[in-house]
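# Topology and contacts: notes
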Amino acid sequence: MIKVALFDAKPYDQEYFDRYRNDFEIELKYFPVKLNPDTVALAQGFQAVCAFVNDEINAKVAEALSQKGIPLIALRCAGYNNVDLEAVWGKIHVVRVPAYSPHAVAEHAIALLLALNRKIHKAYIRTREGNFSLSGLVGFDLYGKTAGIVGTGQIGRIMAEILKGFGMRVVATDPYPQEAWAKEKGVTYVSMNELLGSSDVISLHCPLTPENFHLINADSLKLIKKGALIINTGRGALIDTRALIHALKTNHLGGAALDVYEEEEHYFFEDHSTTIITDDVLARLLTFPNVLITGHQAFLTEEALQGIAKTTLKNIHDFFISGELPNEICYRCTQHTCRRKETGRCF
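Residues numbered from 1 in each chain as written. Predicted model: local features only at pLDDT ≥ 70, side-chain atom pairs only at ≥ 80, totals over all residues. Heavy atoms only, no water.

It is worth spelling out the layout of surface pockets at this point. Roughly 420 Å³ of internal volume is contained in the second largest pocket. Forming the boundary of the second largest pocket are 26 residues, of which Val53, Asn54, Asn81, Asn82 and Glu265 lie nearest the centre. Among the residues making up the lining of the second largest pocket, the classes are represented as nine nonpolar, nine polar and eight charged. (1 Å grid on protein atoms, 1.4 Å probe; cavity = no way out; pocket = protein on both sides within 12 Å on 5 of 7 lines; lining within 4 Å. Points joined across faces, edges and corners; volume = space filled by probe spheres on them. Nonpolar A, V, L, I, M, F, W, Y, C, P; charged D, E, K, R; others polar.)

Below you can see the structure in the form of structure tokens.
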């Protein structure tokens, strides 16, 4: 049996990983704590570690894992911006789940958009208290409006297609445009500036890269059409949150629906209902009536959890049994100089 330490474990992780682990001859130990320099000692005696989006895999953690002889980090997510890829390169292989259920994330983005626009979250609280007033609950028809999709990977394309179904005009921007798909679905690629200026709804579906860090910032927010809504189910740091707050305070932005937040690792996935939120930026966001926040739950469907568990377990099994690494990622991959395409491994 392959012994794996799974960090930041939640009940739903254990349910789905336990369901399939025996199929891959893997023994799992679940640790509720996040992987970081203070907890990495728990990985002693394991052959691999399994990490999630808010585990901290920096140079110190990489060195500690390497010293323990652990050759594999299996990310049970698509994103890898929490991993210092240069620090692990040549020592520890990193694999990920490149896709699980893109429909899950796209559908959650749609749910956020509809709830934000039609004030469903506010109406729900009112009616629970016996208040059936409609004042302050006015939204707008999505039909005939323009939606801007930033990033047309699997999730962005599904989002675009759903919005087309609402009768919206859809524009998109991506450094690698899917021209054949766009032509078939009636989506128009435009520049980022044109998208910002013309869209009534802007939905972010791009990865967090150095180029995309704070993609939505003070300057880009000035270009956004007054009253537009921003939806972010991608990565928190795609948005400069302080700049977002300013745009909301000045009533330039119509609202924001966020499933991610750039400092989310301190709060998301945990119950803080009995403690004071000391993050002043997050606390300020929560005061806006036109801001809707969910705690990084866009992926949380049965289909996605099944896909995540199966792919993660297969990644681990393939590495130890056959040496295969089809879902490996390294910093050279992002620079287009990686040897994985020729050899099947990053190093």
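What follows is about the environment of Gly79. Within the secondary structure layout, Gly79 lies in the loop between β4 (72–75) and α3 (85–88). Classification of Gly79 by relative accessible area gives buried; the value is 13%. (Helix = DSSP H or I, 4+ residues; strand = E, 2+ residues; numbered from the N terminus. Buried < 20%, exposed > 50% of the residue type's maximum accessible area, 1.4 Å probe, protein only.)

A few words on helix α6 (residues 154–165). For α6, built from 12 residues, the straight-helix expectation of 16 Å at 1.5 Å per residue is met to within 8% by its first-to-last C-alpha distance of 17 Å. Downstream of α6 by a residue or two, Gly167 has a phi angle that is positive, lying close to 85°. (Expected span 1.5 Å × (residues − 1).)

Attention now goes to the pairing of strand β2 (residues 26–30). Of the two faces of β2, only the one carrying Ile26, Leu28 and Tyr30 is buried; Glu27 and Lys29 on the other face are not. As paired strands, strand β1 (residues 2–6) and β2 are joined by five bridges and run parallel to one another. Paired with Ala5 across the two strands is Lys29, which belongs to β2. Of the crossover connections in this fold, the one passing from β1 over helix α1 (residues 11–20) to the parallel β2 is right-handed. (Pairing = 2+ DSSP bridges. Right-handed = clockwise from strand over helix to strand, strands pointing away.)

Of the two faces of strand β10 (residues 229–232), the one lined by Leu229 and Ile231 and the one lined by Ile230 and Asn232 are each fully buried. Alignment of strand β9 (residues 201–204) against β10, held across four bridges, turns out to be parallel. The partner of Ser203 across the bridge, within β10, is Ile231. Taken together, β9, helix α9 (residues 218–223) and β10 form a β-α-β motif whose crossover is right-handed. After leaving β10, the chain enters helix α10 (residues 241–249) and then returns to the sheet as strand β11 (residues 255–258), a path that is right-handed.

Looking now at the environment of Phe319. As for its placement among the helices and strands, Phe319 is situated in helix α12 (residues 302–321). The sequence separation of Phe319 and Leu72 amounts to 247 residues, and the corresponding C-alpha distance is 8.2 Å. The contact partners of Phe319, leaving out residues within four places of it in the chain, are Pro71, Leu72, His93, Glu324, Leu325 and Arg345. (Contact = heavy atoms within 4.5 Å.)

For α12, built from 20 residues, the straight-helix expectation of 28 Å at 1.5 Å per residue is met to within 8% by its first-to-last C-alpha distance of 28 Å. Every buried residue of α12 is accounted for by Ala304, Leu305, Ile308, Ala309, Thr312, Leu313, Asn315, Ile316, Asp318 and Phe319.

This part covers the pattern of salt bridges. One pass over the full model with this rule turns up 10 salt bridges. Note that Lys225 and Asp200 form a salt bridge whose closest N and O atoms lie 2.9 Å from each other. Of this pair, Lys225 sits in the loop between α9 and β10 while Asp200 sits in the loop between α8 (192–198) and β9, and the two are 25 residues apart along the sequence. Residue Lys225 is classed as partly exposed on the basis of its relative accessible area, which comes to 33%. Between Asp318 and Lys314 there is a salt bridge whose closest N-O contact spans 2.7 Å. Here Asp318 and its partner Lys314 are both found in helix α12, four residues apart, which amounts to about one turn of the helix. (Salt bridge = Lys/Arg side-chain N within 4 Å of Asp/Glu carboxyl O.)

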